Amino acid sequence: MDEIRLSARERRVLAEMEESLRGDAALVRHMRARRVVRFTPSLTRRARRPSLKIIVMVFAVITFTLIACGFAFAAPALFWVSSVTWLIALAALTRLTFRRIRPWTLPKGGEWVRLSDRGPGSA
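For the structure given in this document, a descriptive report is provided here. Because the structure is predicted, anything quoted here is derived from the model rather than measured. Here the residue index of a chain counts from 1 through its sequence in written order. In keeping with the predicted nature of the model, local features appear solely for residues at pLDDT of at least 70, side-chain atom pairs appear and are counted solely at 80 or more, and the whole-chain, interface and lining totals rest on all residues. Note that water and hydrogens are dropped before the side-chain values are worked out from all heavy atoms of the structure.

**Looking at the packing of aromatic side chains**
The criterion, for reference: Here is the rule: rings of Phe, Tyr and Trp (six-membered ring for Trp) pair when centre to centre is within 6.5 Å. Planes less than 30 degrees apart are stacked, more than 60 are edge-to-face, and the remainder are tilted. Categorising residues by exposure relies on relative accessible area from a 1.4 Å probe, with only protein chains included: less than 20% of the type maximum marks a residue as buried, more than 50% marks it as exposed, and the intermediate range marks it as partly exposed.
Going through the model one piece at a time under the given rule, you end up with one aromatic pair. Ring geometry for F71 and F79: centres 5.2 Å apart, planes at 80°, overall edge-to-face. A residue is classified by how much of its surface remains accessible, and F71, at 63% relative accessible area, is exposed.

Below, the structure is given as structure tokens:
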């Protein structure tokens, strides 16, 4: 296999660039926090399921449609069905909210910190 050799000047410039990048603490934290995405069967199965955001929106639209139909036809059954769909939408929205705030924690210092930004010694 053909190997490309760098000149001494190019190696020195590359080493200087790497050193300056290592000095950037924010970049180092960001690179450590990055996840490596591997395509596993569980990821492909998850990709086939509809997003929770879409489920919440669909159930919200269904709920409001059933409420409107309940008013238009004066049917109490439609109000009961709309209340059930509203509860499903509320449960999905709650789950979506907790998924969103889960990476954040409140340590003893009282400042919100992302779990990936904590040092290796803190638990």
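After that view of the structure, there is still more to cover.
**Quick look at the pattern of salt bridges**
Stated formally: Definition used for salt bridges: Asp or Glu carboxyl oxygen within 4 Å of a side-chain nitrogen of Lys or Arg. Runs of H or I in DSSP of at least four residues are treated as helices and runs of E of at least two as strands, each being numbered from the N terminus.
According to the stated counting rule, one finds three salt bridges in the structure shown. A salt bridge links R12 to E16; the shortest N-O distance between them is 3.9 Å. Pair noted here: R12 and E16 are both in helix 1 (residues 8-22), with a separation of four residues, about one helical turn. On the basis of relative accessibility, which here comes to 48%, the residue R12 falls in the partly exposed class.

**A few points about a nonpolar patch on the surface**
What counts, and what does not: Patches draw on residues past 30% relative accessible area with no salt bridge. Two like charges within 9 Å are joined, as are two nonpolar side chains (Val, Leu, Ile, Met, Phe, Trp, Tyr) within 5 Å. For every accessible area listed, the method is Shrake-Rupley and the probe measures 1.4 Å; residues are considered covered only by the protein chains on display.
Nonpolar side chains collect at one region of the surface, where L6, V13, L14 and M17 lie side by side and expose about 300 Å² of accessible area between them. Along the chain, L14 turns up in helix 1. We classify L14 as partly exposed; its relative accessible area is 37%.

**A few points about the side chain of T63**
Our working rule: Note on definitions: a residue-residue contact is assigned when non-hydrogen atoms from the two residues lie within 4.5 Å.
Residue position: T63 is located in helix 4 (residues 52-73). In this structure T63 comes out as buried when scored by relative accessible area, which is 2%. Not counting chain neighbours up to four residues away, the residues in contact with T63 comprise S82, T85 and W86.

**Considering helix 4**
Under the convention used in this document: Here a helix's expected span is defined as the number of its residues, less one, multiplied by 1.5 Å. Read the arc as the range of directions from the helix axis to the C-beta atoms. The definition of a polar contact used here is a pair of N or O atoms within 3.5 Å, where within protein one atom must be able to donate a hydrogen and the other to accept one, and adjacent residues in sequence count solely through side-chain atom pairs.
When the terminal C-alpha atoms of helix 4 are compared, their 31 Å separation across 22 residues agrees well with the 32 Å that a helix rising 1.5 Å per residue should span. Listing the buried residues of helix 4 in full gives L52, V56, T63, L66 and G70. The buried residues of helix 4 occupy one face: seen down the axis, they fall within an arc of 95°. For helix 4, exposure combined with an orientation more than 90 degrees from the buried face picks out K53, M57, V61, F64, A72 and F73. Summarising the contacts, the buried residues of helix 4 are in contact with helix 5 (76-101). Backbone nitrogen of K53 and a side-chain oxygen of the N-cap are separated by 3.3 Å at the start of helix 4; the cap is S51.

Everything listed here is a matter of geometry and, on its own, says nothing about what the molecule does.
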